[in-house]
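# A look at the structure
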Amino acid sequence: MRVQFAIAAILGIGGLIALTLAQDIGRLGEAFSMLGPAIAAVCFFRAIPIAAHTLGWRAVMAPGDRPGFGSMLVMRWIGESINTLLPVGQVGGDVARARLMAASGVRTQTAGAQVAVDFLLGIVSQAAFALMGVGALLLTAPGIAASFQAVAGTLVLVLLAGLLAALQRKGFFGGLSGIAKKVMGEETSSRLARGAAELDREVASILGDRPRMLAGFGWRLAGWLTHVGEAWILLSALGLPTNLETALALESLTWAIRSAAFLIPGAIGAQEGAIVAVGLLLGVPAESALALALAKRAREILVCGPGLLVWLFTERRGIKGLLAPERQN
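Throughout what follows, the structure given in this document is the object of discussion. Every chain is numbered independently, its residues counted from 1 as its sequence is written. The predicted nature of this model means local features are confined to residues of pLDDT at least 70 and side-chain atom pairs, given and counted, to a pLDDT of 80 or more, with totals for whole chains, interfaces and linings taken over all residues. Processing note: side-chain calculations cover all non-hydrogen atoms of the structure and skip hydrogens and water entirely.

### Side note on the nonpolar core
Only buried residues count toward a nonpolar core, which is a set of Ala, Val, Leu, Ile, Met, Phe, Trp, Tyr and Cys residues joined through side-chain atoms within 4.5 Å. Note on exposure labels: buried denotes an accessible area under 20% of the residue type's maximum, exposed denotes more than 50%, and partly exposed covers the range between, all computed with a 1.4 Å probe on protein chains only. Ranked by size, the top nonpolar core spans 39 residues in total, and within it L35, L234, L250 and L292 carry the most contacts. Of all elements in the fold, only α2 (25-33), α3 (36-45), α7 (108-140), α11 (210-226), α12 (228-237), α13 (244-260), α14 (270-281) and α15 (286-317) reach the threshold of two or more residues within this core. If sequence neighbours within four positions are ignored, L250 has contacts with A231, L235, I275, V278, G279, L282 and L292. Counting 14 residues, the second largest nonpolar core, distinct from the first, contains M72, A96, L100 and V115. Counting from the N terminus, the helices are the DSSP runs of H or I reaching at least four residues and the strands are the DSSP runs of E reaching at least two. Residue contacts follow a heavy-atom distance rule, with two residues in contact if any of their heavy atoms lie within 4.5 Å.

This is the structure we're talking about:
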């Protein structure tokens, strides 16, 4: 996978350079200079989506397994920072969240199941968010030639969400342990199979709890919808006409393409290309759209860079006391 990530990163960086050189550099610099205060604003605003996604993750947990909200907010921030800045296929942060939960005192299988279900809800809610974005795009620019591609890309997310849900119901982790049995010794594979079976039971238990699933989905969808505020702030700072449909289409479809480009570290190049392409469909000049994309990169570094430092600190110093579970009756 390191080779694939390296090749994808090179292609992404090359695409970003080509995209930048294709613009009027003077206009690009002028547009980006207008976004200084807005970048600071979206850095602070980022706390709102992270908090909403944290509440979605928290909602799928049994009350007795829930750490304090502040502790979970830190874990969510760390997970997002890892997925955003490191070449981990946008799933390494979720593994880190499960590890942090287990280190805080929650049973390993329980922590893993909670993160697995939250991951599923994240994909399902993002698919709903992307469908909203397609609708907003068609309302803003009806009859566009790219509408079919936008719908097709969103359907990929919907199908992925359905496939993941079906696999989790049928024992996803047990299936993985069956594959591992072919390459590992009998003792190791048997131990993995027992752990996978318990993990599948935990997942099935959560999936069968409809109130917890609905609450988790609701908060996760709310988290995606709050992302629209970031696009609104940046578009307004550029002095462009801004409405809900434009901000929704730009943000949701950019996230859909970023998720599809999971092999590219940080979706570098792909995210910028998506913002420029969707921006042009919405009437945003290419230089302004690319300046907005670069502002998003700056926000990622400013918000997620410290998150990586916090993660390294917790790994070195231990988190048992810092993230102690908040037992509830």
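Now that the structure has been shown, the text picks up again.
### So, unusual backbone geometry
Backbone geometry at A267 places phi at a positive 50°, although glycine is not the residue there. By the element assignment, A267 lies in the loop between α13 and α14. Residue classification places A267 among the buried residues on the basis of a relative accessible area of 0%.

### Topic: the packing of helix α4 (residues 47-59) against helix α5 (residues 69-85)
Working convention: axes come from line fits to C-alpha atoms, limited for helices to the stretch in contact. Angles between N-to-C directions cover 0 to 180 degrees. Where α4 contacts α5, the axes come no closer than 9 Å and their chain directions differ by 110°. In this view, α4 runs roughly perpendicular relative to α5, as classed from their interaxial angle. Crossing handedness for the pair α4 and α5: right-handed. Contact residues: I50, A51, H53, T54, L55, W57 and R58 in α4; F69, M72, L73, M75, R76, W77 and E80 in α5. Tallied by class, the residues present in the contact of α4 with α5 amount to nine nonpolar, two polar and three charged. Each angle gets one of four labels, with under 35 degrees taken as roughly parallel, over 145 as roughly antiparallel, 65 to 115 as roughly perpendicular, and the rest as oblique. For any helix crossing, the convention is left-handed if the near helix is rotated counterclockwise from the far helix by under a right angle, and right-handed if that rotation is clockwise. Classification convention: Asp, Glu, Lys, Arg as charged; Ala, Val, Leu, Ile, Met, Phe, Trp, Tyr, Cys, Pro as nonpolar; all other residues, Gly among them, as polar.

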